[in-house]
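# Structure assessment
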Amino acid sequence: MTTVTTGTTDKPLRADAARNRRKLLDAATQAFLTQGGDVPLDEIARSAGVGIGTLYRHFPTREDLVLEIYGQQVDALVQQSEELPKTLPPGEALHEWMRGFVDYYAVKMGMVHLLRSMMDGQPDTFARARAQMQAAAEHILAPAIEAGVVRNDITAQELTRALGGICLASPNPEGQETSLALVDLVFDGLRYGANA
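Overview of the structure. Just so it is clear, the structure is predicted and the values come from calculations on it, not from any experiment.

## Notes on the packing of aromatic side chains
For the structure on display, the rule yields five aromatic pairs. Between the aromatic rings of Tyr70 and Phe126, the centroid separation amounts to 5.6 Å while the plane-to-plane angle is 40°, which identifies the pairing as tilted. Linking Tyr70 in helix α4 (residues 62–87) with Phe126 in helix α7 (residues 123–146), this pair joins segments that are 56 residues apart in sequence. The class for Tyr70 is buried, based on a relative accessible area of 6%. Residues Tyr104 and Tyr105 carry aromatic rings whose centres are separated by 5.9 Å and whose planes lie at 85° to one another, so their mutual orientation is edge-to-face. Here the two residues Tyr104 and Tyr105 agree in accessibility, since each one is buried. Feature note: the residues Trp97, Phe101, Tyr104 and Tyr105 constitute an aromatic cluster, connected by ring pairs.

## A short note on the packing of α4 against helix α5 (residues 90–110)
Contact geometry of α4 with α5 gives a least axis separation of 10 Å together with a crossing angle of 175°. On the basis of the axis angle, α4 is roughly antiparallel to α5. In this structure, α4 contributes Ile69, Tyr70, Gln73, Val74, Leu77, Gln80, Ser81, Leu84 and Pro85 to the contact, and α5 contributes Ala93, Glu96, Trp97, Gly100, Phe101, Asp103, Tyr104, Val107 and Lys108. The residue inventory of the contact of α4 with α5, partitioned by class, reads eleven nonpolar, four polar and three charged.

Conventions and cut-offs
Residues numbered from 1 in each chain as written. Predicted model: local features only at pLDDT ≥ 70, side-chain atom pairs only at ≥ 80, totals over all residues. Heavy atoms only, no water. Phe/Tyr/Trp six-rings, centres within 6.5 Å; stacked < 30°, edge-to-face > 60°. Helix = DSSP H or I, 4+ residues; strand = E, 2+ residues; numbered from the N terminus. Buried < 20%, exposed > 50% of the residue type's maximum accessible area, 1.4 Å probe, protein only. Axes fitted to C-alpha atoms, helices over the stretch in contact; angles between N-to-C directions. Parallel < 35°, antiparallel > 145°, perpendicular 65-115°, else oblique. Contact = heavy atoms within 4.5 Å. Nonpolar A, V, L, I, M, F, W, Y, C, P; charged D, E, K, R; others polar.

Given below as structure tokens:
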């Protein structure tokens, strides 16, 4: 029997339970992206092909589900900051990571009202996520600066603020193409005045 360790508990899941959990997270991510954080939970369960009881076994509250998805989105960006430099030159890795930020933010925007209401109750969770994002941005930005393919007067904090501002300006799913075009423009701006 294959087991995986969950993000919310140290207890391993059976393979079928892990599959159901994955289906629920995929369905919820898509639902929050397209319909926002108020989408009915029974609709998420139905989209995942499981019963509402299964959803509640994995995620007793809507907040538990939102936090898990938010954590996964942050983890994905962190992982990209580590994996992209292994296969792409520093400038291309940075550019792809910046474009991936748009996907992260699109999902976050679907949950933003819930996330804001949860921040006061779990400040450490959100402070940790911000620190992870800053570290990921620094990890992907530093090699591009060192290689001379982007200007050296940009910080990781400025980069994530610029990307967040772009995404806030186009908050709905249809705005992703606009966000990606603006990210490309920012990347071109970062290359202007570079040493290489």
